[in-house]
Amino acid sequence: MSRLIAVVEDESDIANLVELHLKKANFRVKKFADGSSFLQFLEYETPALVILDLMLPDMDGIEICKFIRGNKRYSTIPIIMLTARSEEADRVLGLEIGADDYIVKPFSPRELVARVKAVLRRAEKQETPEILNIGDVVKIDLSRHKVWVYKKEIELTPTEFKILSLLAERKGWVFSRRQILQYLWGNDKIVLERTVDVHIKHLREKLGEAGRFIKNVRGVGYKLEP
Ligand code: CA
């Protein structure tokens, strides 16, 4: 089945033009004239990529971008921003908070299609493998939510599993407590940073000897290092 591209753009001429060219390039397209209808749709279907206008009648594209990146369910959806020439500051901000690319209006539809293909190629290359290993000791099955230590399966809570897979997906990378919380619950839940320490403590206990792979980086947060 061809991949679905969401086009969030209130100017119907532009949205129709983009739709036409993406369909020619064999994509399926769904158009949204405002942010809230798009966010509603996200609850039911995950597009392969989002083309996001920054100036929408009901909300700011930057907010939508933040929401997608801050929400574990959607965080890997590639985003291409559509911006006006005058919105340079927004462009920079958008890239900083995780948009994959941007295109400035007016643009050639052909260029847009080429960018869509390039971003999708890049995103597909980065897709994380289903199985993560920590040395020869720990094996994590991301799709089935299972963890083995020395071939023995251990039981983790969903939160512990998420923290372990987050750390294991980027070994050696230091995550702050805030980043971990944001990954777990997005921006919409107020949780004390100390909560992270409690989960990590339990996680280490359950991992037993392999708990040593989770390292405390003083004053910053945690990383996983074999
Ligand atoms: Ca607009």
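A brief report on the enclosed structure follows. What you see is a predicted model; the values in this text were computed from it and never measured.

Notes on the overall build of the protein chain
Point 1. Summing up its helical and strand segments, the protein chain has 8 helices and 12 strands in all.
Point 2. Along the longest, intermediate and shortest principal axes, the C-alpha atoms of the protein chain span 60 × 35 × 25 Å.
Point 3. By the burial criterion, 43% of the 226 residues in the protein chain qualify as buried.
Point 4. A sequence separation of at least 24 residues applies to 55% of the contacts in the protein chain between residues at least 6 apart.
Point 5. Of the roughly 12,600 Å² of accessible surface on the protein chain, a fraction of 50% belongs to carbon and sulfur atoms.
Point 6. Placing the 38 positive and 34 negative side-chain charges of the protein chain at their respective mean positions leaves the two points 7 Å apart.

What about the coordination of the calcium ion?
Point 1. The calcium ion binds to the protein through Asp10 (OD), Asp53 (OD) and Met55 (O), with metal-donor distances spanning 2.1 to 2.3 Å.
Point 2. Along the chain, the residues donating to the calcium ion fall in the pattern D-x42-D-x1-M.
Point 3. For Asp53, a relative accessible area of 2% gives the class buried.

Observations concerning helix H8 (residues 194-207)
Point 1. If you check H8, its first and last C-alpha atoms are 20 Å apart, about what 14 residues at 1.5 Å a residue would give, namely 20 Å.
Point 2. Considered for burial, the residues of H8 that qualify are Val196, Asp197, His199, Ile200, Leu203 and Leu207. In a view along the axis of H8, the buried residues occupy a sector of 165°, so they form one face of it. For H8, the exposed residues lying more than 90 degrees away from the buried face are Arg194 and Lys201.
Point 3. Buried residues belonging to H8 abut strand E8 (146-149), strand E9 (152-154), helix H6 (158-169), helix H7 (177-185), strand E11 (214-217) and strand E12 (221-224).
Point 4. Where H8 terminates, the next one or two residues include Gly208, which has phi positive at roughly 65°.

Digging into unusual backbone geometry
Point 1. Backbone torsion omega between Lys105 and Pro106 reads -10°, so that peptide bond is classified as cis.
Point 2. Tracing the sequence through the fold places Pro106 in the loop between strand E5 (101-104) and helix H5 (109-126).
Point 3. Of note, the phi angle at Tyr150 is positive, near 45°, even though the residue is not glycine.
Point 4. Here Tyr150 is to be found in the loop between E8 and E9.
Point 5. On the accessibility criterion, Tyr150 (47% relative accessible area) is partly exposed.
Point 6. Of note, the phi angle at Lys151 is positive, near 65°, even though the residue is not glycine.
Point 7. Structurally, Lys151 is set in the loop between E8 and E9.
Point 8. Residue Lys151 is classed as exposed on the basis of its relative accessible area of 80%.

Digging into the pairing of E12
Point 1. For strand E10 (residues 175-176) and E12, the ladder comprises 2 bridges, and the chain directions are antiparallel. Among the inter-strand pairings, Ser176 is bridged to a residue of E12, identified as Gly221.
Point 2. Taken together, the 4 bridges between E11 and E12 define a ladder with antiparallel strand orientation. Across the sheet, Val217 pairs through a bridge with Gly221, a residue of E12.

What about the sheet that holds E11?
Point 1. Pairing within the open sheet is antiparallel, and its 3 strands lie in the order E10-E12-E11. A single partner strand is all that each edge strand has here, and the edge strands are E10 and E11.
Point 2. In this fold H6 packs onto E10, E11 and E12, with an angle of close to 65° to the strand it touches most, E12.

Digging into the nonpolar core
Point 1. The biggest cluster of nonpolar side chains holds 30 residues, and the ones touching the most others in it are Val138, Ile140, Leu164 and Ile214.
Point 2. Among the elements of the structure, strand E6 (131-134), strand E7 (138-141), E8, H6, H7, H8 and E12 are those that each provide at least two residues to this core.
Point 3. For this core, the element with the highest residue contribution is H6, accounting for 6 residues.
Point 4. Apart from the residues lying within four places of it in its own chain, the contact partners of Ile214 are Leu164, Leu167, Ile200, Leu203, Arg204, Leu207, Tyr222, Lys223 and Leu224.

A short note on the packing of H7 against H8
Point 1. For the pair H7 and H8, interaxial distance at closest approach is 9 Å and the crossing angle is 80°. Here H8 runs roughly perpendicular to H7, going by the angle between their axes. Contact residues: Arg177, Ile180, Leu181 and Trp185 in H7; Val196, Asp197 and His199 in H8.
Point 2. Classifying every residue of the contact of H7 with H8 by side-chain character gives 4 nonpolar, 1 polar and 2 charged.

Cut-offs used in this document
- Residues numbered from 1 in each chain as written.
- Predicted model: local features only at pLDDT ≥ 70, side-chain atom pairs only at ≥ 80, totals over all residues.
- Heavy atoms only, no water.
- Helix = DSSP H or I, 4+ residues; strand = E, 2+ residues; numbered from the N terminus.
- Buried < 20%, exposed > 50% of the residue type's maximum accessible area, 1.4 Å probe, protein only.
- Contact = heavy atoms within 4.5 Å.
- Areas by Shrake-Rupley, 256 points an atom, 1.4 Å probe, with all protein chains shown as cover.
- Lys, Arg positive; Asp, Glu negative; His and termini not counted.
- Charge placed at Lys NZ, Arg CZ, Asp CG, Glu CD.
- Donors = N, O, S within 2.8 Å, 3.2 Å for Na, K, Ca; no water.
- Expected span 1.5 Å × (residues − 1).
- Arc of directions from axis to C-beta.
- Pairing = 2+ DSSP bridges.
- Axes fitted to C-alpha atoms, helices over the stretch in contact; angles between N-to-C directions.
- Core = buried A, V, L, I, M, F, W, Y, C linked by side-chain atoms within 4.5 Å.
- Parallel < 35°, antiparallel > 145°, perpendicular 65-115°, else oblique.
- Nonpolar A, V, L, I, M, F, W, Y, C, P; charged D, E, K, R; others polar.

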